[in-house]
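Secondary and tertiary structure notes
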Amino acid sequence: MKRFRSSQQASTPEHTSPVTRQFKSPVCRTSKAQSPVITEVSEQVEELRKSLQQTESEIKELLAAGCDERELQTHIDKLHEYNEIKDVGQIILGRLANLEGLQTKDMYERYGLELND
């Protein structure tokens with residue numbers, strides 16, 4: 001084992017003890033130039049928290065008013081069924097129009113339907 005004999009040799013950078021060297025963190029520190037990004041993200045997080053609180057409050061109000069999630073699912077299921085039936089009707093009108101050489105909108109007029117139906 002080699003020992004240092006002089007204080008000059010011990011204080012050179014290649015011979016400095018890890019204990020006496022200043023610690024350099026491997027983590028990059030944020031500069032003042034990046035702080036607006038951090039501020040923006042913090043503001044977005046705060047807005048999301050407020051939105052969550054508002055949504056939870058609205059859910060509590062709906063539950064207190066007697067609304068039920070199962071009832072909502074029933075309405076959603078009925079809307080899906082309605083949309084499927086409507087799609088079939090539009091397909092039929094489109095095929096009839098094709099057979100007669102007309103546009104689909106002409107078929108709507110013939111059967112007294114509105115284009116928004």
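Preceding this section is the structure that the text describes.
The next point concerns a nonpolar patch on the surface. Together, V88, I92, L96, L99, Y111 and L113 line one region of the surface with nonpolar side chains, adding up to about 570 Å² of accessible area. Positionally, Y111 belongs in the segment after α4 (104-110).

In this section: the layout of surface pockets. Considered as a void within the structure, the largest pocket measures approximately 190 Å³ in volume. Contributing to the lining of the largest pocket are I59, L62, L63, C67, D68, E69, E71, L72 and H75. Elements represented by at least two residues in the lining of the largest pocket include exactly α2 (35-64) and α3 (69-100). By residue number, the principal contributor to the lining of the largest pocket is α3, which donates four residues. Looking at the lining of the largest pocket residue by residue, the classes come out as five nonpolar, one polar and three charged.

Thresholds, definitions, all that
Residues numbered from 1 in each chain as written. Predicted model: local features only at pLDDT ≥ 70, side-chain atom pairs only at ≥ 80, totals over all residues. Heavy atoms only, no water. Patch = residues over 30% accessible without salt bridge, like charges linked within 9 Å, V, L, I, M, F, W, Y side chains within 5 Å. Areas by Shrake-Rupley, 256 points an atom, 1.4 Å probe, with all protein chains shown as cover. Salt bridge = Lys/Arg side-chain N within 4 Å of Asp/Glu carboxyl O. Helix = DSSP H or I, 4+ residues; strand = E, 2+ residues; numbered from the N terminus. 1 Å grid on protein atoms, 1.4 Å probe; cavity = no way out; pocket = protein on both sides within 12 Å on 5 of 7 lines; lining within 4 Å. Points joined across faces, edges and corners; volume = space filled by probe spheres on them. Nonpolar A, V, L, I, M, F, W, Y, C, P; charged D, E, K, R; others polar.

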